[in-house]
Amino acid sequence: MPLFPARDGQSLHVRILGRGQPVLMLHGLGMQGRDWLPFVLPYLRCYQFYMPDLRGAGNSAAARFNQADVFHNHMQDMEDLVSHFGLQDFHLVGYSLGATTSLHWYAHGDFSPVGRYLHIDQTPCIATSLTGHMACSVTVRNTSFRNCGSCWYCWTRLRITGD
C-alpha cells in the first residue's frame, strides 16, 4: 500500500485503485479507507480511487496528531496527499468525519483542485462572516448549492424571502 508524506514528516497510508478520473474518498470516524471498497469496486474502469486512512485510523493509526484541531490536521494531510500525487480537478467524497474535514478544507484550505464534492452527512451548513448565522452555501466550479431548506436558517430564509 502506498504511503504519502505529511508536512510534519510522518507517513500516512492510502489505497489507490482503478484508472481514470481521480476520486478522493474520506472515511468516517471509526472507519478506514478500505471500508469504501464495496462501493468503489464496480467503478474501477472509469475512476481512480484514492482511499486514505486518515491520521489516527487504520494503517495510519500510529501517526500522531500535531494540532489541537483534528479537522485542520486532516485537512492539511489531504492537501499533502493532493500535492504528492499531483491531483487536479478531482472528485471529493466525504462521509461523516470525512465530510466535516471536507467542509473545513473548503472554509480554511486550498479547495481549488476539487472539481466536484459529494457530502454524505448532515446538511452542509457552514458559518458565513456576512450573516453571522449558519448558511448552506457551497460553491464548486461556479456551481452554487444554497438553501437546503432543512436547517433552521435556510428554512426561515426560504419562508421569509422565497429564495
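Refer to the structure printed above.
Scope of this entry: the structure provided in the associated data block. Since the model is a prediction, treat every value here as computed from it, not as a measurement. Going along each chain's sequence as written, the residues are numbered from 1 onward. Local features in a predicted model are, by the rule used here, given only for residues with pLDDT of at least 70; side-chain atom pairs are given and counted only at 80 or more, and totals for whole chains, interfaces and linings are based on all residues. Only hydrogens and water are removed before side-chain values are computed, so all heavy atoms of the structure are retained for them.

1. Some words on the layout of surface pockets
Put plainly, a pocket is an open set of points on a 1 Å grid over the protein atoms alone with protein on both sides within 12 Å along at least five of seven lines, a cavity is a set where a 1.4 Å probe fits but cannot get out, and a lining residue has an atom within 4 Å of a point. Grid points are joined across faces, edges and corners, and a volume is the space filled by probe spheres set on the points. Empty space within the largest pocket amounts to approximately 260 Å³. What lines the largest pocket is a set of 15 residues, among which Val 23, Met 25, Phe 49, Val 93 and Leu 118 lie closest to the centre. For the lining of the largest pocket, the elements supplying multiple residues, two or more each, are β3 (21-26), α1 (37-40), β4 (47-52), β5 (90-95) and β6 (114-120). Strands are runs of DSSP state E lasting at least 2 residues, helices are runs of H or I lasting at least 4, and numbering of each runs from the N terminus. Take the lining of the largest pocket: its biggest share by element is four residues, from β6. Ten residue types, Ala, Val, Leu, Ile, Met, Phe, Trp, Tyr, Cys and Pro, are classed as nonpolar, four, Asp, Glu, Lys and Arg, as charged, and the remainder, Gly among them, as polar. For the lining of the largest pocket, the class distribution of residues is 13 nonpolar, one polar and one charged.

2. Topic: the environment of Leu 12
Looking at the secondary structure, you find Leu 12 in strand β2 (residues 11-18). Residues Leu 12 and Asp 53, spaced 41 residues apart in sequence, show a C-alpha to C-alpha distance of 7.1 Å. Here, two residues are considered to be in contact whenever any of their heavy atoms come within 4.5 Å of each other. Not counting residues within four places of it along the chain, the set of residues in contact with Leu 12 comprises Pro 2, Leu 3, Phe 4, Ala 6, Arg 55, Ser 60, Ala 63 and Asp 77.

3. Thoughts on the pairing of β5
Bridging between β3 and β5 involves four bridges; their strand directions are parallel. Residue Met 25 lies in a different strand from β5, and its bridge partner there is Val 93. Examined bridge by bridge, β5 and β6 share six bridges and lie parallel to one another. Counterpart to Gly 94 in the pairing with β6 is His 119. Regarding topology, helix α3 (residues 97-108) serves as the crossover connection from β5 to the parallel β6, and that connection is right-handed. We treat two strands as partners when DSSP finds at least two bridges between them. Crossovers are described as right-handed under a simple rule: with the strands pointing away from the observer, the path leading from the first strand over the helix to the second runs clockwise.

4. Side note on helix α2 (residues 70-85)
With 16 residues, α2 should reach 22 Å at 1.5 Å per residue; the first-to-last C-alpha distance of 23 Å fits that figure. Classification of residues uses two cut-offs on accessible area relative to the type maximum, computed with a 1.4 Å probe and protein chains only: under 20% is buried, over 50% is exposed, and between them is partly exposed. Among the residues of α2, those classed as buried are Asn 73, His 74, Met 75, Gln 76, Asp 77, Met 78, Glu 79, Asp 80, Leu 81 and Val 82. Of the surrounding secondary structure, the elements contacted by the buried residues of α2 are β1 (3-5), β2, β3, β4, β5 and α3. Counting of polar contacts relies on pairs of N or O atoms within 3.5 Å, with two restrictions inside protein: one atom must be capable of donating a hydrogen and the other of accepting it, and residues adjacent in sequence are counted only when both atoms are side-chain atoms. Its side-chain oxygen 2.9 Å from the backbone nitrogen of Phe 71, Asp 69 forms the N-cap of α2. Taken from the residues just after α2, Gly 86 is the one with a positive phi, measuring 65°. Under the convention used throughout, the expected extent of a helix is 1.5 Å for every residue step, that is, one less than its residue count.

5. Observations regarding the packing of aromatic side chains
In this analysis, rings of Phe, Tyr and Trp, with Trp reduced to its six-membered ring, are considered paired at centre separations within 6.5 Å, and the interplanar angle assigns stacked below 30 degrees, edge-to-face beyond 60, and tilted for intermediate values. For the structure on display, the rule yields seven aromatic pairs. Centroid distance Tyr 106 to Phe 111: 5.3 Å. Interplanar angle 85°. Geometry classified as edge-to-face. Its relative accessible area of 25% is what places Tyr 106 among the partly exposed residues. Among the aromatic side chains, those forming a connected cluster through ring pairs are Phe 90, Trp 105, Tyr 106, Phe 111 and Tyr 117.

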